[in-house]
Structure formats: C-alpha cells, structure tokens
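Survey of secondary and tertiary structure
Listed here are the chains, written in short residue letters.
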Amino acid sequence: MPIPSSRTPARRSVLKLLASAPVAAAVPLATGGPAAAAGPGIVKPLPPGLFTVRGTNAETDFAAFRDTGLLTPADRFFVRNHTSTPVLSETDWKLTLWGSGLIGSRAVEFRYGDLRSMPSVTRTAFIECAGNGRSFYASQQGETVTGTSWTLGAVGTARWRGVRLAEVLRRAGVASDTVDVMPRGLDDPHVSGGVSLGRVRRPIPLAKALDDVILAYEMNGEPLPYDHGFPVRVVVPAWVGIASVKWVGDIEVSTTPLHSPWNTGTYRLFGDAYPPGGSAPLTRQTVKSAFELPFQGRLAAGRTRLLTGRSWSGAAPVSRVEISTDGGERWRPAVLRDAPRRDGWVRWAAPWQPRRTGDTVLMARATDAAGNTQPARSVHNTQGYLFDAAVRHPVTVL
Ligand SMILES: Nc1nc2c(c(=O)[nH]1)N[C@H]1C(S)=C(S)[C@@H](COP(=O)(O)O)O[C@H]1N2
Ligand SMILES: [Mo]
C-alpha cells in the first residue's frame, strides 16, 4: 500500500482508519471479522450528525449545511462509492487516453505533473447523485423503486480546480469524427447480482466533453480528498453525479458511440411513462429544494424562527423559491441569499412564527430561470432517479 505523503489531505484520516474499523478495501489490514468488513470503504470520518451511512455510501444530513457557506467543506461532502475508496499516490498515477478517436489511434499518457503544469480553470459546481431524493418516491408517493434510499443530502457544492478536458483532448490529438469519450475509474470493478460490470465508466458526448468538463485535482483549494477522487476526478457540472468519474485512470476516445452499464441499464428512466428501452441516458439534474432542518424537527410555538434551506437545478440558475408551512395550502416567497448562478445552488431564508402547537409539514418549491418548477408529484421511474417534487418535511411545534 502506498503510504500517503503528508501533503495529501486525508493522511490523518487514514491513520485513524488504520487504527480502527471500518476498513477500506484499498488498505489491506488483518483486522478481519464480519463487523470490520461490513463498514463502508470510506476513508474520512463520518460522524453521526453530519452523515448517515447507507451501504458503501454516506449521505450528508441536510441540517449540517446550515452552518456552511455556499461551498460544502470536504469533511461534510456526501460520498457515493460503487465499491470503496482506493488510496492512490499521485506519483504512480497516470491518465491514458486511447481509442479510435485519437489521431492514428495512438494512446497518449499524462502524468499528474503534466496536468499540474497546464493552464488551470476553477469553477464552482454542485455534484449530485441522480438518485438523490429517491426515498420520497416510496414515502411520499407510495411507489416502489430500487437503489439507495437517499433523502436530500446526496448533493454538495465545491470549487473545483483542474484542467479542461478539452485541453487534454486537444493535446492528445482528437480525430474530427470522434463522437464519445468514456472516462473510467481506478476503483475496484463493480459487482452487481454476482456479475462484474467492470470498473465504473460512462460515456460523455464529445460536444459536452469539449464544453465545460474539468479534470479536477483540487476541491475548495486543497488537493482532492481520497474519497472524492484523489488524485484526479472528472467534474461534469450539473449532470448526474455518475458522469463525474472519480479516480480517473483512462479515457476511451471513440469514433463510434460508446456504451457501458452506466448508460444502458442504469442512469436512464424506465417505467410506465417511458419507452420500453428506457429514456435517453440521463444528463442534467432536475430542480430540488431542502430545508436545513432535521426531519421531525421540533420548533417552539410563538417564537420567530428563521427557516433556511437551499435550492438547485441542473438546467438553469434558481430564480425563485416559495415555502409553505401548512403542507402546501398556502405559499409565500423565501428571500434568496445568493445571486442565482449556473451549476450552483442558492441559499434562502424565510422567517416563520408558528402559532399553533402540533404536527405540521414544511415544503419548499423552487423555479429556475428556464421556467422549470417543482411539481406536486414526480413521474415514477423504476430506479427512482431525478426526484423533483416538493418534499414534505414534517416538524412538530411545541
Ligand atoms: N470511479 C468512480 N467514480 C464515481 C463513482 C464511483 O463509484 N466510482 N460514483 C459516482 C456517483 S454515482 C456519484 S453520485 C459521484 C459522487 O461523488 P462524491 O462521492 O465525490 O460525492 O461520483 C461518481 N463517480
Ligand atoms: Mo450517483
């Protein structure tokens, strides 16, 4: 195992990890025992109150965003791992571009230092799992879906710095008839139902790859943490999180359309509302809103409380947010605390003085500059992606 240098941010976490279960698969330890093996293969600490562990993943408790700014600190950014976090070294790392779409079909390698010496770009963008909000298909709409039962915390916003994928492709020499590029992660192959699907990989159309995709090596001004793709990850702003491949090791560049299980079997919409072969592969995220308050939270009657939350959309900046404190009967505008921005979220606030004691339901509903608004009900799909309905948030007034 490569011992992480003190320059890498997660060194302390790794040392802590080495001293205790759970064990990341990439850190071979002889602790053994089913209890140790059952934990998520995540390097950073996951304190209760900040995270809820869901299988190999960790969801940020939305209330934990309340004391954060626009950017989500790395120590509370959700983690979605198909397997477990590999602890890689930047000196051993290389990125290989290969395939029919490279001029002369000649593979080209980039080292970490090569990327670091290229012109950099910095961009603030959220990354959100396509399944964020999935649990509400069941709890709010009574519908059956498969997949991780996220509430609304499989999202975070960071300032990503790296090189444009367009620049790396240009240096590698891309043939004019290229259609798709497919980044692939260095984490272990994903096994589903006893079948290995290979390493996580998903095609990106060339036009998108040349537009705003980043090969990021920094998150919020620090080297990427291990769990978020150290040393280099793909960032596809505002697209389904699966497009933002972590620990990228190679990119296939192709003159014919590419396929992987992540754009055929999953990350498409299947169900009654969709064609038998499913929708087109998912791209942008939908509109969502969340209160920075625990579910079943308790509030004091008669006292004014500032309700806060965030709204975001993959399609356009969020321009309007309304809230309801009576389960959707009456709505009033929330005050936006950030300028609407592309690929980002806005923080909002609304004062509320609950008068009557008892249970009630808070709701928030956002509209983006493209006119997308959160409906009362999401259209069902079997894998529970892209939940966009206004979420019913129960609270008790005491
Ligand atoms: N190599 C690799 N990349 C990956 C994944 C993965 O399991 N392996 N998960 C994807 C999914 S489904 C999501 S939602 C995002 C989550 O990014 P984060 O863990 O940094 O929050 O990473 C994506 N990139
Ligand atoms: Mo995801």
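Rules of the game
- Residues numbered from 1 in each chain as written.
- Chains lettered and ligands numbered in written order.
- Predicted model: local features only at pLDDT ≥ 70, side-chain atom pairs only at ≥ 80, totals over all residues.
- Heavy atoms only, no water.
- Near = heavy atom within 4 Å.
- Polar contact = N/O pair within 3.5 Å; in protein donor to acceptor, adjacent residues only side chain to side chain.
- Areas by Shrake-Rupley, 256 points an atom, 1.4 Å probe, with all protein chains shown as cover.
- UniProt positions renumbered as here; feature names shortened; annotations may be inferred.
- Helix = DSSP H or I, 4+ residues; strand = E, 2+ residues; numbered from the N terminus.
- Salt bridge = Lys/Arg side-chain N within 4 Å of Asp/Glu carboxyl O.
- Buried < 20%, exposed > 50% of the residue type's maximum accessible area, 1.4 Å probe, protein only.

**Description of the site of ligand 1**
What surrounds ligand 1 is a group of 19 residues, the closest being Phe-78, Asp-187, His-228, Arg-233 and Lys-246. Phe-78 places a polar main-chain atom, nitrogen or oxygen, 2.7 Å from an oxygen atom of ligand 1. Here a nitrogen atom of ligand 1 and a backbone polar atom of Ser-244 are 3.0 Å apart. Taking 540 Å² as the accessible area of ligand 1 by itself, protein coverage stands at 100%.

**Considering the UniProt feature "domain: Oxidoreductase molybdopterin-binding" (unreviewed entry) in the protein**
If you check UniProt for "domain: Oxidoreductase molybdopterin-binding" (unreviewed entry), the listed places come out as residues 82-262 in our numbering. With 15% helix and 31% strand, the stretch residues 82-262 has end C-alpha atoms that lie 11 Å from each other.

**Some details on the pattern of salt bridges**
In this structure the tally under the stated criterion is 19 salt bridges. A salt bridge links Arg-330 to Asp-326, with the shortest nitrogen-to-oxygen separation between them at 3.0 Å. Taking relative accessible area as the criterion, Arg-330 reaches 63% and is therefore assigned exposed. Relative accessible area serves as the criterion here: at 22%, Asp-326 is assigned to the partly exposed category. Close ionic contact of Arg-342 with Asp-343 constitutes a salt bridge, the shortest N to O distance being 3.9 Å. For Arg-342, a relative accessible area of 49% gives the class partly exposed. According to the relative accessible area criterion, Asp-343 is buried, its value standing at 3%. A single salt-bridge network, built from bridges that share partners, covers Arg-123, Lys-208, Asp-212, Arg-342 and Asp-343.

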